[in-house]
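# Chains, contacts and geometry: an overview
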Amino acid sequence: MSTRNERPASAEQIRAALAALAVEPAAEPEKRPEGSGDGHRLRLLGSLLAKTELEITAATRLTEEGEVEDVLETLLGWREQLGAEPGIEINVVTNRLQRTALQVSEPEAEELPPGREAAFAAVMTAVYALGAQLHAERGDTEGTRHALSGAEEALIDILQGMHDLRVAIGDAPGPQDGTDG
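For clarity, every value in this text was computed on a predicted model and none was experimentally measured.

Turning next to the overall build of the protein. In terms of regular secondary structure, the protein is built from six helices and zero strands. Taken from the N to the C terminus, the helices and strands of the protein come in the order α-α-α-α-α-α. Counting only residues that meet the buried cut, the protein has 22% of its 181 residues in that class. Residue pairs in contact within the protein that sit at least 24 positions apart in sequence constitute 50% of those at least 6 positions apart. Carbon and sulfur atoms form 55% of the exposed surface of the protein, whose accessible area is close to 12,900 Å².

Next comes the structure, spelled out in structure tokens:
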């Protein structure tokens, strides 16, 4: 299984796709000089991904029934592009989950609010669980154990974040009550 594209899109092709969608990435020459290579290409891909996600979000109906139908339609298009190789699908999903975890975590923040902390841990639980399954399928017992340990730690973080949020809204006693901690 390979996730490498034999003919990856060049920065110029990605820039042309963005222009066709009437999107221009922010010009910051000091951060992204024209010849900066793969990093610049990845930033352009990120811009294209954001535009695509915004288009899907805008096109998705906000009714429970309609939203499910819309999500299924986008999933069909997504699967048509990936092909029939399930390993690639899991790699793409794992990559997306890792991006989601970073977006939820607010990398600039010193401390996350408890709800975001729980959401971050939930996403990381999924990343670790998928990783554990992939390691198990490859017969990598040690890799499976390591991923399962990560998933278990993330599950604990989910519960702690949810408890901390309950404390914040007054639904559970906090450390000042002498019953927590």
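Structure shown, so let's carry the discussion forward.
Take the confidence of the model for the protein next. Per-residue confidence for the protein gives a mean pLDDT of 85, with 88% of residues at or over 70. Here helix α3 (residues 64-82) stands out as the element of the protein with the lowest mean pLDDT, 83, in contrast to helix α6 (residues 141-169), whose mean of 96 is the highest.

Another aspect to go through is the nonpolar core. Counting residues in hydrophobic clusters, the biggest one holds six residues: L97, A101, V123, M124, V127 and A154. Elements that contribute at least two residues to this core include exactly α4 (86-105) and α5 (114-137). Per-element accounting of this core gives the leading share, three residues, to α5. In this view, V127 contacts T94, L97 and Q98; residues no more than four positions away in its chain are not counted.

All right, on to the environment of G115 then. Residue position: G115 is located in helix α5. You can call G115 partly exposed: its relative accessible area is 30%. As a C-alpha pair, G115 and L165 span 50 residues in sequence and 6.1 Å in three-dimensional space.

Parameters at a glance
Residues numbered from 1 in each chain as written. Predicted model: local features only at pLDDT ≥ 70, side-chain atom pairs only at ≥ 80, totals over all residues. Heavy atoms only, no water. Helix = DSSP H or I, 4+ residues; strand = E, 2+ residues; numbered from the N terminus. Buried < 20%, exposed > 50% of the residue type's maximum accessible area, 1.4 Å probe, protein only. Contact = heavy atoms within 4.5 Å. Areas by Shrake-Rupley, 256 points an atom, 1.4 Å probe, with all protein chains shown as cover. pLDDT = per-residue confidence, 0-100. Core = buried A, V, L, I, M, F, W, Y, C linked by side-chain atoms within 4.5 Å.

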